[in-house]
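One-letter residues, chain by chain:
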Amino acid sequence: MIDGPYFVLTVLGVLGTGLTAGAFCAFSTFVMRGLAALPPAQGIAAMNAINTAAVRPAFMAVFLGTAALTAVITVMTFVLWPDGAAVELLLGSARYLCGSFGVTAVANVPRNTALLRLEPGAAEAAGRWRSYVREWTAWNHVRTVASAAAAVAYVLALS
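Below is a summary of the structure that appears in this document. Only a predicted model underlies this, so the values are computations on that prediction, with no experimental measurement involved.

### Looking at the overall build of the protein chain
Of regular secondary structure, the protein chain possesses 5 helices and 0 strands. C-alpha extents for the protein chain along the principal axes are approximately 60 × 25 × 20 Å. Out of the 159 residues belonging to the protein chain, those deemed buried represent 38%. Relative to all contacts within the protein chain whose residues are 6 or more apart in sequence, the contacts with residues 24 or more apart total 80%. Carbon and sulfur atoms form 74% of the exposed surface of the protein chain, whose accessible area is close to 8000 Å². Between the centroid of the 9 positive side chains of the protein chain and the centroid of its 6 negative side chains there is a distance of 14 Å.

Next comes the structure, spelled out in structure tokens:
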């Protein structure tokens, strides 16, 4: 079992990755379905408002703070290589950094940026909105599973 600073960092890792998984899960299971049920112009406007509201300290502290924490756990693991938990710690960190943070940067944020440029009432808006919802949600499923899998790996590192 890991102890000392590793224990504290890993518990924080479980908390951060778990909170992120929960936020993403909410979007995958009901928020996006609710937005998709709205007329396209309303769905686009609502999603743009959500994306703007998400970039606030409360969520960003959890999301980016967890990314920084997982990077610290990775470096500490490579430097100190704790007995019996190194693989789980590295798997947890990789799952979050690649599957949550990385997917956000390369898949979800670019779609959000494109949606923000779309005029909600434009003729092509309805078709683009349907594509956005389908693609964004698919990538969000990846982020949800990756964040939850990271939390599980960190819990296993604690046992």
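After that view, the rundown keeps rolling.
### So, the packing of helix H1 (residues 5-36) against helix H3 (residues 57-80)
H3 packs onto H1 with a crossing angle of 140° between their chain directions and a minimal axis gap of 9 Å. It follows from the interaxial angle that H1 and H3 lie oblique. Viewed along their axes, H1 and H3 form a crossing whose handedness is left-handed. Residues Tyr6, Leu9, Thr10, Leu12, Gly13, Gly16, Thr17, Leu19, Thr20, Ala23 and Phe24 of H1 lie in contact with H3, whose contacting residues are Phe59, Val62, Phe63, Thr66, Leu69, Val72, Ile73, Met76, Thr77 and Leu80. The class makeup of the residues in the contact of H1 with H3 is 14 nonpolar, 7 polar and no charged.

### Here's the deal with the pattern of salt bridges
For the structure shown, the criterion picks out 1 salt bridge. Linking Arg111 and Glu135 is a salt bridge whose minimum nitrogen-to-oxygen distance equals 3.3 Å. Pair noted here: Arg111 is in helix H4 (residues 86-117) and Glu135 is in helix H5 (residues 125-158), with a separation of 24 residues, a long-range link. Given the relative accessible area of 22%, Arg111 is considered partly exposed. We classify Glu135 as partly exposed; its relative accessible area is 35%.

So, how was this worked out
Residues numbered from 1 in each chain as written. Predicted model: local features only at pLDDT ≥ 70, side-chain atom pairs only at ≥ 80, totals over all residues. Heavy atoms only, no water. Helix = DSSP H or I, 4+ residues; strand = E, 2+ residues; numbered from the N terminus. Buried < 20%, exposed > 50% of the residue type's maximum accessible area, 1.4 Å probe, protein only. Contact = heavy atoms within 4.5 Å. Areas by Shrake-Rupley, 256 points an atom, 1.4 Å probe, with all protein chains shown as cover. Lys, Arg positive; Asp, Glu negative; His and termini not counted. Charge placed at Lys NZ, Arg CZ, Asp CG, Glu CD. Axes fitted to C-alpha atoms, helices over the stretch in contact; angles between N-to-C directions. Parallel < 35°, antiparallel > 145°, perpendicular 65-115°, else oblique. Left-handed = near helix turned anticlockwise from the far one by under 90°. Nonpolar A, V, L, I, M, F, W, Y, C, P; charged D, E, K, R; others polar. Salt bridge = Lys/Arg side-chain N within 4 Å of Asp/Glu carboxyl O.

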